[in-house]
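Remarks on the overall topology
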Amino acid sequence: MSKVFDFSGNNGFMFQNPKGSSPFLSLGGHVDVYFPPRKRSRVTAPFVASEDPKEQPSIEVLPDECLFEIFRRLPGGEERSVCAFVSKRWLMLLSSICADEICSSVAQAVEPEIVSCCTKADESSRPKEKVESVDLNDEECVDVGPQGCLSRCLEGKKATDVRLAAISVGTASRGGLGKLSIRGNSCTRRLTDAGLKAVSRGCPSLRALSLWNLSSVGDDGLSAIATGCRSLERIDLSHCPAITDKAMIAVAMNCPNLKSVTVESCAYIGDESLKALGRYCPNLESITLKNCALVGDQGIAGLFSSAGHILAKANLQGLNITDMSLAVIGHYGSAMTDLSLVGLHNVNERGFWVMGKGQGLKKLRSLSIASCQGVTDAGLEAIGKGSPDLKVFGLRRCALVSDNGVVSFAGAASSLESLKLNETHRITQCGVFGILASCGGKLKALALSNCLGLKDSNFGFQSNSLCTSLRSLSIQNCPGFGDASLSTLGRLCPNLTHVELRGLERVTDAGLLPLVQTPEARLAKVNLSGCVNLTDNVVARIASLHGETLEVLNLERCSGISDVSLMSIATNCSFLRELDVSGCRVTDSGVALLARAEQLSLQVLSLAGCSLVSDKSFPSLKMLGATLVGLNIQLCHGISYAAVNLLLEQLWRCDILS
């Protein structure tokens with residue numbers, strides 16, 4: 001046959017013509033015929049297996065009760081974490097085991113190899129299921145606290161029951177979960193009470209819990225937390241409409257270590273919760289209640305009458321309480337140090353007056369009152385007399401308070417150190433100077449903001465009315481405040497170190513110079529942003545007189561400032577750390593002056609909106625970058641994209657806004 005067929009691999013057959021002729025093949029001499037290869041015909045007969053395949057053994061055939069008994073006998077938390085990776089079923093079973101159900105004595109005899117064997121056997125045989133991808137360790141959200149407890153924060157879609165179950169199992173072997181924050185939104189749909197129940201079983205060391213914007217979490221979940229997490233010290237509930245008094249009472253009864261409670265916009269939490277907190281929480285120090293419609297006088301009375309001797313901080317905002325509640329606070333708040341009252345529209349003058357006369361706020365150090373139309377001069381004076389240790393006081397949007405009220409308050413509050421007045425339009429220049437004259441020489445900070453009643457006028461004062469204790473003066477967006485008032489303040493307050501004058505368009509060099517030229521002043525921080533009528537003369541004077549102490553200088557939107565000011569700063573300011581000349585008429589020459597100042601070590605420089613600064617400033621900015629940690633060159637249209645990219649590349653240690 002080898003003479004008939006010539007095989008050449010897979011390239012087909014070659015039929016050679018024999019020497020002798022044949023009646024069947026008359027192809028002539030020396031003619032070869034090529035036959036190309038052909039595919040084999042597909043077999044269409046059905047495939048019949050010779051025998052049935054053997055079924056692989058699987059631990060998945062065991063019922064949940066058997067798996068539960070196996071899991072609770074595992075030797076440690078790491079082994080349980082490994083098993084939780086197998087399937088969602090195993091994860092949820094592991095998260096259903098309470099800490100006191102783990103058999104520690106039996107676990108000592110269990111070989112660790114059993115865990116890996118069971119896991120491998122299951123992975124080889126169990127059907128594949130679509131399980132949410134969850135990292136038990138979740139390193140991205142880990143924050144190890146000072147006491148070794150872990151912290152987790154879930155937001156939006158990440159807040160699910162499966163993830164909470166994974167956190168419950170995964171943190172057990174890593175020191176335990178100490179803080180849990182869940183911030184929901186419109187995408188949070190897969191979080192229910194089951195997730196909180198898993199946390200309650202696996203995280204008995206939980207100390208802080210925050211639930212925000214969660215409509216799917218109700219009383220069952222929070223009650224489970226109260227039962228399983230008895231070490232809870234801080235709870236923060238905001239916009240949780242399904243949580244009611246039932247859950248809060250459970251928290252109060254089961255968490256004796258509770259120190260801080262915040263409840264905001266929870267429509268079904270009311271007086272009964274506050275009564276329970278006062279009765280069952282002997283360590284409660286701070287309470288914040290905002291926009292809770294069911295909180296009334298009975299709840300405030302029950303809370304403060306039981307826990308007033310330990311409550312140190314209280315923030316009451318938007319509540320339907322009356323004069324009775326303030327009377328109770330003034331009488332029982334013997335431990336109160338910080339008190340904030342906001343938007344109490346049902347409280348009248350009598351309430352604030354009785355609170356001050358209650359003689360219970362002897363330890364009060366900080367008081368803030370905002371949007372309370374019942375505050376009057378008489379009530380304010382009573383509060384000042386009843387709070388001998390009051391050091392910080394803030395008043396905002398209280399339309400009935402006038403000059404007489406604030407002057408009487410400043411004279412009665414003998415320990416007052418900081419006073420902030422915001423949108424109190426009945427306060428005039430006489431009231432401000434009266435405060436400085438009657439503060440008793442202890443006032444250190446005065447802040448006036450958006451006070452439309454301040455009008456510029458000449459005011460005479462006696463030499464013995466100087467306020468030598470004042471160190472910080474802040475006046476913002478008071479359109480009537482001008483040169484006469486400012487120069488008078490400069491003479492009344494000779495020892496200023498912090499000056500903030502923002503948005504005072506009527507202030508010029510003539511009004512500011514008396515303030516900065518005071519021999520006793522040692523200015524360290526000066527903010528003159530928005531004072532459009534200031535010129536280089538006042539900046540040069542500030543730099544020459546206070547260059548050895550000035551650390552922060554803000555000249556944002558002072559359109560009269562140019563390179564002359566930068567020359568004075570570069571020459572005289574040795575300790576300046578932050579400089580803001582955004583929107584000023586500075587050029588490349590001014591930036592070069594700053595760069596050549598050897599004694600200057602700027603850390604933050606803002607040139608935003610300086611249209612006269614161009615690419616020519618690149619070498620100067622590079623030199624300044626040796627000490628800069630922040631550079632703002634936004635809206636500097638003269639600096640090209642190429643120069644910005646080079647700055648980003650070479651000043652890699654500096655945070656550049658472009």
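Before reading on, note that the structure itself is shown above.
Description of the structure in this document. (Residues numbered from 1 in each chain as written. Predicted model: local features only at pLDDT ≥ 70, side-chain atom pairs only at ≥ 80, totals over all residues. Heavy atoms only, no water.)

Let us look at the packing of aromatic side chains. Tallied over the full model, the rule gives 1 aromatic pair. Relative to Phe-409, the ring of Phe-393 lies with its centre 4.3 Å away and its plane at 40 degrees, an arrangement referred to as tilted. Taken together, the residues Phe-393 in strand 13 (residues 392-396) and Phe-409 in helix 15 (residues 403-412) connect sequence positions 16 residues apart. The class of Phe-393 is buried, set by a relative accessible area of 1%. (Phe/Tyr/Trp six-rings, centres within 6.5 Å; stacked < 30°, edge-to-face > 60°. Helix = DSSP H or I, 4+ residues; strand = E, 2+ residues; numbered from the N terminus. Buried < 20%, exposed > 50% of the residue type's maximum accessible area, 1.4 Å probe, protein only.)

Tracing the backbone shows Arg-163 in helix 6 (residues 161-170). For Arg-163, the side chain forms a polar contact with the main-chain oxygen of Lys-158, separated by 3.1 Å. (Polar contact = N/O pair within 3.5 Å; in protein donor to acceptor, adjacent residues only side chain to side chain.)

Here the focus is the pairing of strand 7 (residues 234-238). Most of strand 7 sits inside the fold, with 4 of its 5 residues counted as buried. Sheet analysis places strand 6 (residues 208-212) next to strand 7, joined by 5 bridges and oriented parallel. By the bridge assignment for strand 7, Ser-210 is matched with Asp-236. In this region the chain leaves strand 6, passes through helix 8 (residues 219-228) and returns to the parallel neighbour strand 7; the handedness of that crossover is right-handed. Note that strand 7 and strand 8 (residues 260-264) share 5 bridges and pair parallel. Pairing of Leu-237 across the sheet is with Val-263, part of strand 8. Regarding the hand of the β-α-β motif, the stretch spanning strand 7, helix 9 (residues 245-254) and strand 8 is right-handed. (Pairing = 2+ DSSP bridges. Right-handed = clockwise from strand over helix to strand, strands pointing away.)

Next up on the list: the pattern of salt bridges. For the coordinates displayed, the defined rule picks out 11 salt bridges. For the salt bridge of Arg-396 with Glu-423, the shortest nitrogen-to-oxygen distance reads 4.0 Å. Of the two residues, Arg-396 is situated in strand 13 and Glu-423 in the loop between strand 14 (418-422) and helix 16 (429-438); the sequence distance between them amounts to 27 residues. A relative accessible area of 22% means that Glu-423 is categorised as partly exposed. Bridged by salt links that share partners, the residues Arg-396, Arg-397 and Glu-423 form one connected network. (Salt bridge = Lys/Arg side-chain N within 4 Å of Asp/Glu carboxyl O.)

Our next topic: the side chain of Asn-495. Mapping Asn-495 onto the fold places it in the loop between helix 17 (483-492) and strand 17 (498-502). Side-chain polar atoms of Asn-495 contact the backbone oxygen of Thr-468, separated by 2.9 Å. Discounting chain neighbours no more than four positions away, the residues touching Asn-495 are Thr-468, Leu-470, Arg-471, Glu-520 and Ala-521. (Contact = heavy atoms within 4.5 Å.)

So, about the packing of helix 2 (residues 77-84) against helix 3 (residues 88-95). Relative orientation of the contacting elements helix 2 and helix 3 amounts to 145 degrees, with a least axis distance of 8 Å. Residues Arg-80, Cys-83 and Ala-84 of helix 2 pack against Trp-90, Leu-91 and Leu-94 of helix 3. Taken together, the residues that form the contact of helix 2 with helix 3 break down as 5 nonpolar, no polar and 1 charged. (Axes fitted to C-alpha atoms, helices over the stretch in contact; angles between N-to-C directions. Nonpolar A, V, L, I, M, F, W, Y, C, P; charged D, E, K, R; others polar.)

The next thing to look at is the environment of Pro-619. Note on placement: Pro-619 falls in helix 22 (residues 618-624). On the accessibility criterion, Pro-619 (46% relative accessible area) is partly exposed. Between the C-alpha atoms of Pro-619 and Val-591, which are 28 residues apart in sequence, the distance is 9.8 Å.

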